[in-house]
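What follows is each chain in one-letter form.
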Amino acid sequence: MKNASALLAGLVFGLGIVLSGMGNPAKVINFFDVAGTFDPSLIFVMAGGMLTAMAGYALVFRKMKQPLYDSKFNVPTSKQIDTALVAGSATFGVGWGISGFCPGGAIPVVGLGDSRIFLFVAAMCAGLAIAKLLKTGLFRPAKA
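Summary of the structure given here. Keep in mind that what you see is a predicted model, and the values were worked out from it rather than measured. (Residues numbered from 1 in each chain as written. Predicted model: local features only at pLDDT ≥ 70, side-chain atom pairs only at ≥ 80, totals over all residues. Heavy atoms only, no water.)

## Side note on the packing of helix α1 (residues 2-20) against helix α5 (residues 103-110)
Between two packed helices, both the angle of their axes relative to each other and the distance between the axes serve to describe the pair. Our working definition: Each axis is a line fitted through C-alpha atoms, and for a helix only the stretch in contact is used; angles between axes span 0 to 180 degrees, taken between their N-to-C directions. Each helix is a run of DSSP H or I of at least 4 residues and each strand a run of E of at least 2, with the numbering of both proceeding from the N terminus. Here roughly perpendicular refers to angles of 65 to 115 degrees, roughly parallel to angles under 35, roughly antiparallel to angles over 145, and oblique to all remaining angles. We call two residues in contact when some of their heavy atoms are within 4.5 Å. Three categories are distinguished: nonpolar for Ala, Val, Leu, Ile, Met, Phe, Trp, Tyr, Cys and Pro, charged for Asp, Glu, Lys and Arg, and polar for the others, with Gly belonging to the last.
Axis separation between α1 and α5 bottoms out at 9 Å; the angle between their running directions is 90 degrees. One element, α1, and the other, α5, form an angle in the roughly perpendicular class. Contacts between α1 and α5 pair Phe13, Gly14 and Ile17 from the former with Gly104, Gly105 and Pro108 from the latter. Among the residues forming the contact of α1 with α5, the class breakdown is three nonpolar, three polar and no charged.

And the structure:
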């Protein structure tokens with residue numbers, strides 16, 4: 001049942017990405033081009049997602065003591081804004097602006113067969129691996 005729930009959530013998310021046009025990198029790039037071909041429709045997609053998530057969180061946390069398929073809710077607790085958060089956010093934004101693909105939205109586009117997405121997903125996976133290595137300290141310089 002856990003896998004069926006995950007599959008259903010993924011299908012709904014992927015369908016939303018494709019129907020909203022967020023699988024088209026030109027639409028995303030046009031959102032960032034405020035001095036040129038600006039397309040504000042991404043604001044409505046984001047607002048719709050945020051409102052849905054807020055309502056869902058409020059309902060779930062009010063009605064349930066724990067999730068159906070885990071022993072506890074795994075939500076971020078840190079409120080600290082540190083260098084890693086700022087650097088990661090900036091890197092995410094630059095990558096999104098350059099490619100037009102959001103990592104979450106890129107995965108459903110793989111199913112559409114757009115050849116550009118395979119390079120993006122490979123680069124995203126490499127970036128995730130490098131970030132993990134940086135976080136674990138593997139790339140830190142040796143102490144003199």
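## Remarks on the packing of aromatic side chains
Stated precisely, the cut-off is as follows: When two rings of Phe, Tyr or Trp (its six-membered ring) have centres within 6.5 Å they constitute a pair, described as stacked for plane angles under 30 degrees, edge-to-face for angles over 60, and tilted for the intermediate range. Accessible area is worked out with a 1.4 Å probe on protein chains only. A residue is then buried under 20% of its type maximum, exposed over 50%, and partly exposed in between.
According to the stated counting rule, one finds seven aromatic pairs in the structure shown. Measuring from ring centre to ring centre gives 6.0 Å for Phe31 and Phe38, while their planes differ by 35 degrees; the resulting arrangement is tilted. Note on Phe31: relative accessible area 13%, which makes it buried. The interplanar angle of 45 degrees and the centroid separation of 5.5 Å between the aromatic rings of Phe101 and Phe120 together place this pair among those described as tilted. In this pair, Phe101 sits in the loop between α4 (83-99) and α5 while Phe120 sits in helix α6 (residues 115-136), placing the two residues 19 residues apart along the sequence.

## Re the packing of α5 against α6
Here is the rule we go by: In this scheme the crossing of two helices becomes right-handed for a clockwise turn of the near helix relative to the far one and left-handed for an anticlockwise turn of less than a right angle.
Direction vectors running N to C along α5 and α6 enclose 135 degrees, while the axes themselves pass 10 Å from each other. By the angle between their directions, the pair α5 and α6 is classed as oblique. Regarding α5 and α6, the two cross each other, and that crossing is left-handed. Judged by residue contacts, Pro103, Ala106, Ile107, Val109 and Val110 of α5 engage Ile117, Phe118, Phe120, Val121 and Met124 from α6. A per-class count over the contact of α5 with α6 returns ten nonpolar, no polar and no charged.

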